[in-house]
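For reference, the chains in residue letters:
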Amino acid sequence: MSHSLDLICLGELLVDFVPSRAGTPIARAKTISLAPGGAPANVAVAARRLGLRSGFVGKVGDDPFGRLLRDVLVRHGVDVTLLGRTRHSLTRLAFVTNDTDDRQRFVFYGNPGADVLLEARDLRADYFKGARAFHFGSISLIQNPSRAATLKALELAQRNGLMVSFDPNLRPPLWPSLRLAKQEILEAMKHCHILKLSDSEWDFLFAGRSFASGLERLWKQEIQFVAITRGREGALVACPRAVVHVKALPVKVVDTTGAGDGFMAGLICGLLQKQGSDLDELELQEIARLATLVGSLTCRRAGAIPAFPALQEVKRHFGQAEKIRLGSAVHFGNK
């Protein structure tokens, strides 16, 4: 694959273990299914399935799980030039608990995992040249050397004029303290153009603040778009000129793992087709509907990567869903 990519994602690539029976608490699950995952890797695959040329930067263990994950990305057409392997740590594993508390939905094993061992020297400046967007999360910021690698990637993205998106994907069990998590996430937000949060993450970062007052604070930074995902209630998406609320597409929910990452990929896909941040309400609503649709469709299957919808499926639902328009304003992966 040419290194002239639409999207570069950096962060964790791991294995999710999901109860085979939808919604079953893991302590009562009789069988568990293996599903490749990791939020930034999920976004890379979901975006690729939407037609974007995506690459993933990270590190896995030189173990059976690491080899499996690399093969999965290759099979889905994601560039893995900067996906390394290490013998110094095992690939991280995550068990989906189906806990009702968003902050306790995962139990992690292999901490620190191999993903933490990504180093700044593993990056290549030429990989970012010609790319259009860079996406990252907060897990790679928890400790070094991956923290230094993430900051170096942000520097390269900014130097090359890439659109930068950030989804904190807060996982409290992985942080030494929630105070540090909040501090690092707020600092990272200063480097992004697109910010996506869940309802619970908004409350964590901006406790007591309304969406309107929080936006006033965010617009003073470099942030140009903010999205708040609300599960079955859909999402709020905002830019300086408009705020829209889009309802989720009604689907039979099997597993919500990866829904936010699908939403993120749809949001990036839509925004890459716009030059600049000066969108009107109709344009913003169209992009928000695309993102929400991708997130909704992801919930119909177990796991994240196995569940992301393909381009043709998204187009079909775009045409069927009430008031959703797929016109010349939104293209998929073509510069």
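Use the structure listed above.
Residues numbered from 1 in each chain as written. Predicted model: local features only at pLDDT ≥ 70, side-chain atom pairs only at ≥ 80, totals over all residues. Heavy atoms only, no water.

(A) Quick look at the pattern of salt bridges. Overall, the coordinates contain 16 salt bridges when judged by the stated rule. D6 serves as the salt-bridge partner of R132, at 2.9 Å between the closest nitrogen and oxygen. Residue R132 is found in the loop between α3 (125-128) and β8 (133-136), and its partner D6 is found in the segment before β1 (7-10); the two are separated by 126 residues along the sequence. Judged by its relative accessible area of 0%, D6 falls in the buried class. We note a salt bridge from R121 to E119, for which the minimum N-O separation is 3.1 Å. Of the residues examined, E119 reaches a relative accessible area of 26% and is grouped as partly exposed. (Salt bridge = Lys/Arg side-chain N within 4 Å of Asp/Glu carboxyl O. Helix = DSSP H or I, 4+ residues; strand = E, 2+ residues; numbered from the N terminus. Buried < 20%, exposed > 50% of the residue type's maximum accessible area, 1.4 Å probe, protein only.)

(B) Focus on the side chain of K59. Along the chain, K59 falls in strand β4 (residues 54-61). For K59, a relative accessible area of 10% puts it in the buried group. Side-chain polar atoms of K59 contact the side chain of D122, separated by 3.0 Å. (Polar contact = N/O pair within 3.5 Å; in protein donor to acceptor, adjacent residues only side chain to side chain.)

(C) Up close: helix α1 (residues 39-49). Counting buried residues in α1 gives 9 out of 11 residues, a clear majority hidden from the surface. Of the positions making up α1, those classed as buried are A39, P40, A41, N42, V43, A44, V45, A46 and A47. Contacts made by the buried residues of α1 are with β1, β3 (32-37), β4, α2 (64-75), β8 and α8 (259-271). (Contact = heavy atoms within 4.5 Å.)

(D) Structural detail: α2. Taking 1.5 Å of rise per residue, 12 residues should cover 16 Å, and α2 covers 16 Å from first to last C-alpha, within 8% of that figure. Each element contacted by the buried residues of α2 is listed here: β2 (14-19), β3, α1, β4 and β5 (83-86). Near the N-terminus of α2, the side chain that reaches the backbone nitrogen of F65, with its oxygen 3.2 Å away, is that of D63. (Expected span 1.5 Å × (residues − 1).)

(E) Local environment of the environment of A148. Here A148 lies in helix α4 (residues 146-159). Each C-alpha atom, one on A148 and one on A120, is 5.9 Å from the other, the two residues being 28 residues apart in sequence.

(F) Just the pairing of strand β13 (residues 242-246), in detail. Taking every second residue as pointing to the same face, the buried face of β13 carries A242, V244 and V246, while none of V243 and H245 on the other face is buried. Inspection of the sheet shows strand β12 (residues 235-239) paired to β13 by 5 bridges, in the antiparallel sense. Bridged to L236 within β13 is H245. If you look at the hairpin formed by β12 and β13, you'll find 2 residues sitting between the two strands. (Pairing = 2+ DSSP bridges.)

(G) Representation of unusual backbone geometry within the structure. The linkage connecting N144 with the following residue, P145, adopts the cis geometry, with an omega of 10 degrees. Residue placement: P145 occurs in the loop between β8 and α4. Of note in the backbone geometry, N169 takes a positive phi value of approximately 50 degrees without being a glycine. Position of N169 among the secondary structure elements: in the loop between β9 (163-166) and α5 (178-188).

(H) Just the sheet that holds strand β10 (residues 194-198), in detail. Ordered by their spatial adjacency, 9 strands build an open sheet running β5-β4-β1-β8-β9-β10-β11-β12-β13, and the pairing between neighbours is mixed. Taken across any chain shown, the strands that pair with only one partner, and hence form the sheet edges, are β5 and β13. In this sheet, adjacent strand axes meet at a mean angle of 15 degrees when their direction is disregarded. Sheet topology note: the β1/β4 ladder contains 4 bridges and is parallel. Each bridged residue has a counterpart across the sheet, and for I8 the counterpart in β4 is G55. Sitting on the sheet, α1 touches β1, β4 and β8, and the angle it makes with β1 is about 160 degrees. (Axes fitted to C-alpha atoms, helices over the stretch in contact; angles between N-to-C directions.)

(I) Molecular detail of the nonpolar core. Counting residues in hydrophobic clusters, the biggest one holds 55 residues, and the most contacted among them are L73, L267 and I268. Here the element with the most residues in this core is helix α9 (residues 281-298); it accounts for 8 residues. In contact with L73, other than residues within four places in its own chain, are L13, V45, F56, V78, V80, L83 and I305. In terms of nonpolar packing, the next biggest core, distinct from the first, is built from 53 residues, A35, V57, W175 and L218 among them. (Core = buried A, V, L, I, M, F, W, Y, C linked by side-chain atoms within 4.5 Å.)

(J) Here's a closer look at the packing of aromatic side chains. Summed over the entire model, instances satisfying the criterion amount to 9 aromatic pairs. With 5.9 Å between their ring centres and 50 degrees between their planes, F128 and F134 make a pair best called tilted. Take F128: its relative accessible area is 0%, and that puts it in the buried class. Ring centres 5.8 Å apart and planes at 15 degrees place the aromatic pair F134 and F136 in the stacked group. Across this residue pair, the class does not change: F134 and F136 are buried. An aromatic cluster of at least three residues, connected via ring pairs, comprises Y127, F128, F134, F136 and F166. (Phe/Tyr/Trp six-rings, centres within 6.5 Å; stacked < 30°, edge-to-face > 60°.)

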